[in-house]
Amino acid sequence: DFVINLLKHPTFLDMSYTTKFIDTTPELFQFKKRRDRATKILTYIADITVNGHPETAGRPKPHAEAKPPKPPVAFGEFRPGTRNLLEEKGPQAVADWMKAQTKLLVTDTTMRDGHQSLLATRMRSIDMVEAAPAYAANLGDLFSVECWGGATFDVAYRFLQECPWQRLRDIRARMPNIMTQMLLRASNGVGYTNYPDNVVQFFVKQAAETGVDVFRVFDSLNWVENMRVAMDAVVEAGKVCEGTICYTGDILDPDRAKYDLKYYVGMAKELEAAGAHVLGLKDMAGLLKPAAARKLIKALKEEVGLPIHFHTHDTSGIAGATVLAAADAGVDAVDAAMDAFSGGTSQPCLGSIVSALDNTERDTGLDIAAIRRMSNYWEAVRHQYTAFESGLEAPASEVYLHEMPGGQFTNLKAQARSIGLEERWHEVAQAYADANQIFGDIVKVTPSSKVVGDMALMMVAQGISRDDVLDPAHEVAFPESVLDMLRGNLGQPPGGWPEAITRKVLKDEKPSTERPGKHLAPVDLEETRAKLSAELNGFKVDDEDLAGYLMYPKVFLDYMGRHRQYGPVRTLPTPVFFYGMEPGQEISAEIDPGKTLEIRFLTLGETDDKGEVKVFFELNGQPRAIRVPNRA
Ligand code: BTN
Ligand code: 3PY
Ligand code: ZN
C-alpha cells in the first residue's frame, strides 16, 4: 500500500527526490526513493565510465599515484568565533571588534577565489564540505572563510551538476563558529548583467538565510550609486556589509591621475555614508604595489572610520610584500589562500603571511601547524583537478600592463586558445590594455572585465588597432557586450563614457546615464515561481531555486533536467565524478545523512545493436546492471 501511495505522491511524480523532499515528506516510505536515486547515480557513473566527462576530455589527467584527500582531523578545541559574535551582537559589533584588534585578521579564500583563480572555479562541494569541520575546530580564529559567490554560483549548476545553495548550507552547518563570506557583484548579483532591484533584494535575503555572514559588495565600475540596493539589502538582513572599492591603476603614477589617492578616499567616504560596516579594498588584478599600499591604507585609516579588509592577487609574485606593507600601515583584515591554493593568479600564501608576522605586533594568532595540515588536505584536493590547471608557470610583471583580474586571466587565455590566438597571447594582453584606454581607463572586474576581454580578442582576431577603433572612417563590428556597456547597462564609470567611442558604437542611439535598475521593472516573484513550477511538471520551487532561476534561467533549467536523470551526483568522490570507475573499484556515496551507497563497478558488457552498453555493478552487495548509450 505504501508503495502505491508513494508512487502517487505528487512530489514523487516529478523530479524532487532530493534532500528537501525527505525533509518535507517524512511520512513516506524511504526505501523506494533511495533505490531510485541509486539507479540515477549508477546511470551517471556508467555514462561517465563509458563516455568520459566532456569537461575533462583531452585535458591532462591526475597522476596515477595521487592519493585520495583525507579530510583533516578536527583536533582543536571548539571555540566560539566571529560567527558567534555576529549572531549575538550583530554586524556593527563585528566591525567594532575588528578595529579593536591589534592582530591582523585573516580570511581564507581557498573555497572561492583560490579555486576560481587557479582551477577555473571547478572545485566541487564535497571537497569543501569535508574540510569544514576541521576549519571550525582547528582554525576558529579565522576572520572568515570565503566560500560562495563570484563565479562559483553558476559554475556549480552549469558544470558541476550541483546546487550552490546546498553547498552553502552544508558548509554553514559544519562550520558554525566562523563567518562565511561571499562575493556579490552588487546589482549584477552573481551574474553578468544588472538585475531588477527586487531580484537583487530577494537574492541577498536568501543568501543571508541559507548562510552567508559577510557580503563583499562591489560594482564593476566603482559606481556607488549602483551598489546601494545590494548594500541596503545586506544591512536589512542583519549581516556584515563590506562595501568595496575596486583598485585599478597606480596611485603612485602621476600619468594615471584618474585613479589617484583622492579618488579612493572619496569613494571610501561614499561607502561609509552608504552604510557599509567594513571597507573592502579589492585589488582583483594584483596591481597595488607595496609602497602604494602603505600610502593608501594609511590615508584610508585616517579619513574613514571603518575597519579595512584588503584583498589582492599574486599574479605579479609580489602580493605577499603588499600584504605585509598593508599590515604595517594598519589594515585590519587581509585575504589569503591556503598554501596549496595560493600564488599565481590566486591570493598570496596564508601560511607564509602568518609565519612572517609571528612575534610581531600584528601576529595573527593562527596555529601554523593547523594551517599546514589543512593545506596538506588542499594539496591532495588540488591533485584531483589537474584537468583544470592553467599551466601558468611563473609570476608575470605583465599584469601591470594588461591589468586583468586574477579570476579572468586563465579564462581569457582559454578563450584565446579556443579561437586560435594562444600563440599571440602577448598581443591579446596589449590589446586588453588598449581596449581599456579606448573605454576611458575603467575598472576591470566582472562584468566590465569581460567586455574589455571581448573587445581585446576582437581587435587581435581582426587585426584592428586602437587608432582604427577610434578612427570614425574605419568601420568596426563591435561585440554585443560593448554595445550593451556603452548604452549604460552596466552603469557609469567615473567621469562617464568617452563621447567619441560611444557615438561610434551607438551611432544615433542615445545612451542612458541613469542607474540601470531604475528602469528595470520588478519581477513578479510568485508568478515566476508558478510558471517555473509548471515548466518543471509541478516541482515545488522554493526560494533558493527561484533565486537561482532568476539569476540564470537557462542554466538552472538545464541543471534541473540533468538532476532528474542523474540524481544527487554531488555525493560522488571527485575522481569518479570526472572519470568514472575502474573495474573492481569500490566507493561509498552518502546520499543522505547516514544513508550510504556502497558501489562496486564490475565490468562493461558488449555494446548491442542499438549502440547501448550494459554496465555491471554491485550496489550494497546486490548485482545491478545499467544500460547507457555508448557514444565513445
Ligand atoms: C539531493 O538530491 O541530495 C540534492 C541534490 C540536488 C538538490 C536539489 S536541486 C533542486 C532543489 N534545490 C535544492 O537546494 N536542493 C534540491
Ligand atoms: C568575480 O566577480 O567573480 C570576481 O572574482 C571578481 O574579482
Ligand atoms: Zn579576487
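Structural data are supplied above this passage.
Here's what I pulled together on the structure shown here. None of the values given here were measured: they were computed from a predicted structure.

## Remarks on the layout of surface pockets
A probe as big as a water molecule, rolled over the atoms, marks out the empty space that is left.
Thought 1: Here the second largest pocket is characterised by a volume of approximately 950 Å³.
Thought 2: Every residue lining the second largest pocket is counted, 43 residues in all, and those nearest its centre are A120, G407, Q408, T410 and N411.
Thought 3: Those elements that place two or more of their residues in the lining of the second largest pocket are helix 7 (110–118), helix 10 (152–158), helix 20 (406–418) and helix 22 (448–462).
Thought 4: In terms of residues, the lining of the second largest pocket owes the most to one element, helix 20, which gives nine residues.
Thought 5: Tallied by class, the residues present in the lining of the second largest pocket amount to 15 nonpolar, 14 polar and 14 charged.

## Re the sheet that holds strand 11 (residues 612–619)
Thought 1: The antiparallel open sheet is built from four strands, whose spatial order is 9-10-11-12. Strands at the two margins of the open sheet, each flanked by one partner only, are strand 9 (586–592) and strand 12 (622–629). Direction aside, the axes of adjacent strands within the sheet are offset by 35 degrees on average.
Thought 2: Two elements, strand 9 and strand 10 (residues 595–607), share six bridges in a ladder whose sense is antiparallel. Of the residues in strand 10, the one forming a bridge with S588 is E598.

## Re the coordination of the zinc ion (ligand 3)
Thought 1: The protein atoms that coordinate the zinc ion (ligand 3) are D113 (OD), H311 (NE2) and H313 (NE2), at distances spanning 2.0 to 2.1 Å.
Thought 2: Spacing between the donor residues of the zinc ion (ligand 3) along the chain follows D-x197-H-x1-H. Of the two residues examined, H311 and H313, each falls in the buried class.

## Considering the pairing of strand 8 (residues 333–336)
Thought 1: Residues A333 and D335 of strand 8 are buried on one face, and the alternating residues V334 and A336, pointing to the opposite face, are buried as well.
Thought 2: Sheet analysis places strand 1 (residues 105–108) next to strand 8, joined by four bridges and oriented parallel. Following the sheet pairing, D108 is matched in strand 8 by A336.
Thought 3: Pairing of strand 7 (residues 308–311) with strand 8, which is carried by two bridges, proceeds in the parallel orientation. Paired with H309 across the strands is A333, a residue of strand 8.
Thought 4: Running through helix 16 (residues 319–328), the crossover from strand 7 to the neighbouring parallel element strand 8 is right-handed.

## Points about the site of ligand 2
Thought 1: Ligand 2 sits among R112, Q116, G150, A151, L183, R185, F218, K282, M284, V445 and T446.
Thought 2: With respect to ligand 2, the side chain of K282 contributes an N or O atom lying 2.7 Å from an oxygen atom.
Thought 3: In this structure, T446 approaches ligand 2 through a side-chain N or O atom, which is 3.5 Å from an oxygen atom.
Thought 4: With the chains in place, 97% of the 230 Å² that ligand 2 exposes on its own is no longer accessible.
Thought 5: Of the pockets mapped on this structure, ligand 2 occupies the second largest pocket.
Thought 6: Residues that form the shell around ligand 2 fall into these classes: five nonpolar, three polar and three charged.

## Focus on unusual backbone geometry
Thought 1: Each neighbour pair has its own omega, and for T446 with P447 the value is 5 degrees, a cis peptide bond.
Thought 2: With respect to the secondary-structure elements, P447 resides in the loop between helix 21 (425–438) and helix 22.
Thought 3: Although it is not a glycine, Q161 sits at a positive phi angle of roughly 55 degrees.
Thought 4: Overall, the relative accessible area of 6% leaves Q161 in the buried class.

## Comments concerning the packing of helix 11 (residues 164–174) against helix 12 (residues 197–210)
Thought 1: Look at helix 11 against helix 12: their axes get within 9 Å of each other, and the N-to-C directions meet at 35 degrees. Contact with helix 11, carried on its side by W165, L168, R169 and R172, involves F203, Q206, A207 and T210 of helix 12 and no other residues of that element.
Thought 2: Broken down by class, the residue content of the contact of helix 11 with helix 12 amounts to four nonpolar, two polar and two charged.

## A look at the pattern of salt bridges
Two side chains carrying opposite charge are able to pair once their charged atoms lie near each other.
Thought 1: Across all of its chains, the model carries 44 salt bridges by this definition.
Thought 2: A salt bridge links D543 to R529, with the shortest nitrogen-to-oxygen separation between them at 2.8 Å. Here R529 lies in helix 27 (residues 525–535) and D543 lies in helix 28 (residues 543–551), a separation of 14 residues in the sequence.
Thought 3: By relative accessible area, R529 is classed as buried at 17%.
Thought 4: Through salt bridges with shared partners, one network takes in R83, E87, R172, D213 and K239.

So, how was this worked out
- Residues numbered from 1 in each chain as written.
- Chains lettered and ligands numbered in written order.
- Predicted model: local features only at pLDDT ≥ 70, side-chain atom pairs only at ≥ 80, totals over all residues.
- Heavy atoms only, no water.
- 1 Å grid on protein atoms, 1.4 Å probe; cavity = no way out; pocket = protein on both sides within 12 Å on 5 of 7 lines; lining within 4 Å.
- Points joined across faces, edges and corners; volume = space filled by probe spheres on them.
- Helix = DSSP H or I, 4+ residues; strand = E, 2+ residues; numbered from the N terminus.
- Nonpolar A, V, L, I, M, F, W, Y, C, P; charged D, E, K, R; others polar.
- Pairing = 2+ DSSP bridges.
- Axes fitted to C-alpha atoms, helices over the stretch in contact; angles between N-to-C directions.
- Donors = N, O, S within 2.8 Å, 3.2 Å for Na, K, Ca; no water.
- Buried < 20%, exposed > 50% of the residue type's maximum accessible area, 1.4 Å probe, protein only.
- Right-handed = clockwise from strand over helix to strand, strands pointing away.
- Near = heavy atom within 4 Å.
- Polar contact = N/O pair within 3.5 Å; in protein donor to acceptor, adjacent residues only side chain to side chain.
- Areas by Shrake-Rupley, 256 points an atom, 1.4 Å probe, with all protein chains shown as cover.
- Sits in = over half its atoms within 2 Å of the grid points.
- Contact = heavy atoms within 4.5 Å.
- Salt bridge = Lys/Arg side-chain N within 4 Å of Asp/Glu carboxyl O.

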